[in-house]
Amino acid sequence: MNIAQTPHKLHILVCTNARHDGTPSCGDSGEAQRVFETLKARLKEAKLPVRVSRTGCLGPCAQGPNVMCYAQDGTPGVWLQGVGEGDVPEIEAKVRSLLNTPSQGE
Ligand code: FES
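Quick look at the structure, then. The structure displayed is predicted, hence computed values, not measured ones.

Some points on the pattern of salt bridges
With the rule as written, the count across this model stands at three salt bridges. Between Arg-42 and Glu-92 there is a salt bridge, with the nearest N and O atoms lying 2.2 Å from each other. Placement of the pair is Arg-42 in helix α1 (residues 31–45) and Glu-92 in helix α2 (residues 88–99), with a sequence separation of 50 residues. Overlapping salt bridges bring together Arg-42, Glu-92 and Arg-96 as one network.

See the structure below:
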């Protein structure tokens, strides 16, 4: 096993899990996938040192779609619940506050 330093300061996990068995899951509609795609593209364009990944179940399914942000420096992460594509600008602002990186024009 090799242990390497991650180049990302923050890892953002977007649950896109879909169960298809009638129990609530973040992937029940296409919203979680849209959040993932829009957020990933937006943060990539902003060149922030973060990684956005799709993930399976994070646990609190009924409150989804769920997004969890974990800072690599030990700063307490945040858990965003009931997220929709329209929340992406607010998520970016939260990410910037966690990174202490103001957006251009601030
Ligand atoms: S399905 Fe997303 S948290 Fe469980």
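Details of unusual backbone geometry
A cis geometry characterises the amide bond from Gly-64 onward to Pro-65, with omega recorded as -5°. By the element assignment, Pro-65 lies in the loop between β2 (50–55) and β3 (67–71). One non-glycine residue, His-20, lies in the positive phi region at around 60°. Within the secondary structure, His-20 sits in the loop between β1 (10–15) and α1. Backbone geometry at Lys-47 places phi at a positive 55°, although glycine is not the residue there.

Details of a positive patch on the surface
Where like charges cluster on the molecular surface, the positive patch consists of Lys-40, Lys-44, Arg-51 and Arg-54. When residues of the positive patch are traced back to their parent elements, those giving at least two are α1 and β2. With respect to the secondary-structure elements, Lys-44 resides in helix α1. On the basis of relative accessibility, which here comes to 66%, the residue Lys-44 falls in the exposed class.

Side note on the packing of α1 against α2
In contact at an axis separation of 10 Å, α1 and α2 are set at 50° when each is read in the N-to-C sense. Taken together, the axis directions place α1 and α2 in an arrangement best described as oblique. Considering the relative orientation of α1 and α2, their crossing is right-handed. Side by side, α1 and α2 meet where Val-35, Thr-38, Leu-39, Arg-42 and Leu-43 of the first sit next to Val-88, Pro-89, Ile-91, Glu-92 and Val-95 of the second.

What about the nonpolar core?
Of all hydrophobic cores here, the largest spans 21 residues; its most connected members are Leu-10, Ile-12 and Val-95. Of all the secondary-structure elements, those providing two or more residues to this core are β1, α1, β2, β3, β4 (78–80) and α2. Counting residues per element, this core draws most heavily on α2, at five residues. Setting aside residues no more than four positions away along its own chain, Val-95 makes contact with Leu-10, Ile-12, Leu-43, Leu-48 and Val-50.

Topic: the environment of Leu-39
With respect to the element layout, Leu-39 can be found in helix α1. A relative accessible area of 0% places Leu-39 in the buried class. In this structure the C-alpha to C-alpha distance between Leu-39 and Gly-74, which are 35 residues apart in sequence, comes to 23 Å. Leaving out residues up to four positions away in the same chain, Leu-39 has contacts with Ile-12, Val-14, Val-52, Val-88 and Ile-91.

Criteria and thresholds
- Residues numbered from 1 in each chain as written.
- Predicted model: local features only at pLDDT ≥ 70, side-chain atom pairs only at ≥ 80, totals over all residues.
- Heavy atoms only, no water.
- Salt bridge = Lys/Arg side-chain N within 4 Å of Asp/Glu carboxyl O.
- Helix = DSSP H or I, 4+ residues; strand = E, 2+ residues; numbered from the N terminus.
- Patch = residues over 30% accessible without salt bridge, like charges linked within 9 Å, V, L, I, M, F, W, Y side chains within 5 Å.
- Areas by Shrake-Rupley, 256 points an atom, 1.4 Å probe, with all protein chains shown as cover.
- Lys, Arg positive; Asp, Glu negative; His and termini not counted.
- Charge placed at Lys NZ, Arg CZ, Asp CG, Glu CD.
- Buried < 20%, exposed > 50% of the residue type's maximum accessible area, 1.4 Å probe, protein only.
- Axes fitted to C-alpha atoms, helices over the stretch in contact; angles between N-to-C directions.
- Parallel < 35°, antiparallel > 145°, perpendicular 65-115°, else oblique.
- Left-handed = near helix turned anticlockwise from the far one by under 90°.
- Contact = heavy atoms within 4.5 Å.
- Core = buried A, V, L, I, M, F, W, Y, C linked by side-chain atoms within 4.5 Å.

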